Structures are given as structure tokens and as C-alpha cells.
Amino acid sequence: MKAYATGAQQSPHPRLHALLRAVGDAPYESDEAHDVRFRLPDQSGQEQWLRLDEIPLPPSTPAAWPR
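Residues numbered from 1 in each chain as written. Predicted model: local features only at pLDDT ≥ 70, side-chain atom pairs only at ≥ 80, totals over all residues. Heavy atoms only, no water.

A. Representation of the pattern of salt bridges in the model. According to the stated counting rule, one finds five salt bridges in the structure shown. For R37, the salt bridge identified is with D31, shortest N-O distance 3.4 Å. Of the residues examined, R37 reaches a relative accessible area of 22% and is grouped as partly exposed. You can call D31 partly exposed: its relative accessible area is 23%. Of the charged contacts, one joins E47 and R39 as a salt bridge, the two residues approaching to 3.1 Å between their closest N and O atoms. Owing to a relative accessible area of 48%, E47 belongs among the partly exposed residues under this scheme. In this structure R39 comes out as partly exposed when scored by relative accessible area, which is 32%. Via salt bridges that share partners, D31, R37, R51, D53 and E54 belong to a single interconnected network. (Salt bridge = Lys/Arg side-chain N within 4 Å of Asp/Glu carboxyl O. Buried < 20%, exposed > 50% of the residue type's maximum accessible area, 1.4 Å probe, protein only.)

Given below as C-alpha cells:
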């Protein structure tokens, strides 16, 4: 994941930067549906497997573009 993160850090997209900071070096797996999930701690420290769209970001992070 680090090779992608290095190039992505040069991106002009602040939401992408926030996701990369949130994920860091967290372990990740792909499931049967090919969704990639990252193992991240929640606010209580309990670890959860989350997709990118489920990762909470700081309130100052710009909203995602509408689909």
C-alpha cells in the first residue's frame, strides 16, 4: 500500500490525504466481493474492519463529491 500512498500524497485532493492519514499502515484484506477493508480502532480502541467509505474523517475534511 505504501507505493500507492506515496504517489497519492502528491494529489491535490484533501479527502484522499485524510483517508491516507486515517489508514496509515493498518492491515487490510480483500473480501469475496473485492471490497478492501482496513483494520482500524474505533473511539473506544476496539478494532473494526472498515471499507474506505466507512472510515470516519475529521469534520474539517471536505465532503465527497456527489455520485
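B. The arrangement of the packing of aromatic side chains in detail. According to the stated counting rule, one finds one aromatic pair in the structure shown. Between Y28 and F38, the ring centres sit 5.8 Å apart and the planes meet at 45°, which makes this aromatic pair tilted. One end of the pair, Y28, is in strand β1 (residues 28-30); the other, F38, is in strand β2 (residues 36-41), with 10 residues separating them in the sequence. When its relative accessible area of 42% is taken as the criterion, Y28 is described as partly exposed. (Phe/Tyr/Trp six-rings, centres within 6.5 Å; stacked < 30°, edge-to-face > 60°. Helix = DSSP H or I, 4+ residues; strand = E, 2+ residues; numbered from the N terminus.)

C. The arrangement of unusual backbone geometry in detail. At H34, a residue that is not glycine, the phi angle is positive and equals roughly 65°. Relative to the elements of secondary structure, H34 occurs in the loop between β1 and β2.

D. Geometry of the side chain of T61. Residue placement: T61 occurs in the segment after β3 (47-50). Only 3.0 Å separates the side chain of T61 from the backbone oxygen of P58, close enough to count as a polar contact. If near-sequence neighbours (up to four positions away) are discounted, T61 is found in contact with R15 and A18. (Polar contact = N/O pair within 3.5 Å; in protein donor to acceptor, adjacent residues only side chain to side chain. Contact = heavy atoms within 4.5 Å.)

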